[in-house]
Amino acid sequence: MTSPSARPARKAVIPVAGMGTRFLPATKAVPKELLPVVDRPALQYIVEEAARAGLPEVLMVTGRNKAAIEDFFDRHPELETALEKKGDAGRLAAVQESTDVAQVHFVRQGEAKGLGHAVLQAAAFVGDEPFAVLLGDDLIDARDHLLEHMLAVQAEHGGSVIALLDVGRENIDKYGAVAIEPGAHAAVDGDEVVRVTGLVEKPPIDEAPSSLAIIGRYVLSPSVFEVLRETAPGRGGEIQLTDALATLVERGEPVHGVVFSGRRYDTGDRLDYLKAVVRLATERDDLGPPLRSWLREFVADLPAEGASSS
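Fair warning: this is a prediction, and the values are worked out from it, not measured in the lab.

A. Fine view of the packing of helix α3 (residues 77-86) against helix α4 (residues 89-100). As a packed pair, α3 and α4 sit with axes 8 Å apart at the nearest point and diverge in direction by 160 degrees. Taken as axis vectors, α3 and α4 run roughly antiparallel relative to one another. In this structure, α3 crosses over α4, and the sense of that crossing is left-handed. Every residue of α4 that contacts α3 at L79, E80, L83 and E84 is listed here: R91, L92, V95 and Q96. Within the contact of α3 with α4, the residues separate by chemical class into 4 nonpolar, 1 polar and 3 charged.

Structure follows, in structure tokens:
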């Protein structure tokens, strides 16, 4: 059994090679990860989260037609000079923030073979250290410290740590699901910590081991790379990270789950993306007051459910 690593995680991996088909036609030309959530791309929120958690080096696993992501995290001297000449310090700082927040690297995933395959592309970047994986569809509120909690659990117990959310039995077939060790569980700042005893990708509702779903945050042992190299394609013909983690559990390596109790914004489909934009905008000091006022007026003017709008 793996003992806790003396070397803390310092690196984060963000897979961004997906085609974003649920947001077509916008994603025909613009990577889904760069769609704005208010006035910043979803991907910038993810990089900022990694940096806040003490992970200053970030690897993005990209694919074809994702060059705009590299451009976004690169310097734009002409734009910066123009803003500086105009005296627009606020926008200049915002433009520079995306470049300065972390040291961002890129590698291509040549074929779309699933999340496990994408993570495997990070092996050379990661080396023999534990590392975090952050998926761009899940935005975690900056006031909630899920990733920090997961890093603390990994430092204490070793092995791997996954983020879990109770989505209800009726929704579990849309997610990877886990079985957990029964009995008393520990906690870290309000988030329950459980020992994972099994994992399965998108099980039928009546076969799910629990209603605890895997969401898009992982802190992984480097031993996952060896397992991923041996993992056959699973559900959807893809190499599933869930299957590799299940193998680690079978081999006796500890896998813990942190059951998240905070604020999560799902940008993975159109309706939830719109909800995320509204929720985050209403909480901003500059946009919140006028937006909340307009929303009250807008909702008050809506016709009653089932009433004719003519």
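B. Structural view of the packing of aromatic side chains. Scanning the entire structure with this criterion turns up 4 aromatic pairs. Centre to centre, the rings of W294 and F298 are 5.0 Å apart; their planes meet at 20 degrees, and the pair counts as stacked. Here F298 and W294 lie together in helix α11 (residues 288-301), a separation of 4 residues that amounts to about one turn. Residue W294 is classed as partly exposed on the basis of its relative accessible area, which comes to 46%. On the basis of relative accessibility, which here comes to 40%, the residue F298 falls in the partly exposed class. Just above the ring of F125 sits the side chain of K11; from NZ or CZ to the centre is 4.9 Å.

C. Region of the structure containing the environment of L151. Note that L151 resides in helix α7 (residues 146-157). Take L151: its relative accessible area is 14%, and that puts it in the buried class. When residues no more than four places from it in sequence are discounted, the contact partners of L151 are A9, A53, L55 and V219.

D. Region of interest: helix α8 (residues 223-230). Of the residues making up α8, those classed as buried are V224, F225, V227 and L228. The arc that holds every buried residue of α8, seen down its axis, measures 165 degrees, which confines them to one face. Along α8, the residues that are exposed and aim more than 90 degrees away from the buried face are R229 and E230.

E. The packing of α8 against helix α9 (residues 241-250), seen in detail. At a closest axis distance of 9 Å, the pairing of α8 and α9 adopts a crossing angle of 115 degrees. Classed by the angle they form, the pair α8 and α9 counts as roughly perpendicular. Relative to α9, the crossing made by α8 is right-handed. Contacts between α8 and α9 pair S223, V224, V227 and L228 from the former with L241, A244, T247 and L248 from the latter. Its residues assigned to classes, the contact of α8 with α9 comprises 6 nonpolar, 2 polar and no charged.

F. How the structure looks around the pairing of strand β4 (residues 57-62). For β4, the tally of buried residues reaches 6 of 6 residues, placing the bulk of the element in the interior. Alternating residues of β4 divide into E57, L59 and V61 and V58, M60 and T62, and every residue in both groups is buried. Pairing analysis gives 5 bridges linking strand β1 (residues 11-15) to β4, with the strands arranged parallel. Across the sheet, A12 pairs through a bridge with V58, a residue of β4. One ladder, built from 6 bridges, connects β4 with strand β5 (residues 103-108); its direction is parallel. Paired with V61 across the two strands is V107, which belongs to β5.

G. Local environment of a nonpolar patch on the surface. A cluster of nonpolar side chains, namely W294, F298, V299 and L302, defines an oily patch on the protein surface of about 400 Å² accessible area. Residue position: V299 is located in helix α11.

H. Geometry of the nonpolar core. Of all hydrophobic cores here, the largest spans 49 residues; its most connected members are I14, L55, M60, L134, L139, L146 and L147. Looking at this core, the element that brings in the most residues is helix α1 (residues 42-52), giving 6 residues. Dropping the residues within four chain positions of it, L139 is found in contact with V37, A42, Y45, I46, R217, R263, R264, Y265, T267 and L280. The next biggest cluster of nonpolar side chains, apart from the first, holds 35 residues, and it includes F125, V196, L212 and Y218.

Conventions used here
- Residues numbered from 1 in each chain as written.
- Predicted model: local features only at pLDDT ≥ 70, side-chain atom pairs only at ≥ 80, totals over all residues.
- Heavy atoms only, no water.
- Axes fitted to C-alpha atoms, helices over the stretch in contact; angles between N-to-C directions.
- Helix = DSSP H or I, 4+ residues; strand = E, 2+ residues; numbered from the N terminus.
- Parallel < 35°, antiparallel > 145°, perpendicular 65-115°, else oblique.
- Left-handed = near helix turned anticlockwise from the far one by under 90°.
- Contact = heavy atoms within 4.5 Å.
- Nonpolar A, V, L, I, M, F, W, Y, C, P; charged D, E, K, R; others polar.
- Phe/Tyr/Trp six-rings, centres within 6.5 Å; stacked < 30°, edge-to-face > 60°.
- Buried < 20%, exposed > 50% of the residue type's maximum accessible area, 1.4 Å probe, protein only.
- Lys NZ or Arg CZ within 6 Å of the ring centre and 35° of its normal.
- Arc of directions from axis to C-beta.
- Pairing = 2+ DSSP bridges.
- Patch = residues over 30% accessible without salt bridge, like charges linked within 9 Å, V, L, I, M, F, W, Y side chains within 5 Å.
- Areas by Shrake-Rupley, 256 points an atom, 1.4 Å probe, with all protein chains shown as cover.
- Salt bridge = Lys/Arg side-chain N within 4 Å of Asp/Glu carboxyl O.
- Core = buried A, V, L, I, M, F, W, Y, C linked by side-chain atoms within 4.5 Å.

Interpretation in functional terms is not warranted from these geometric data alone.
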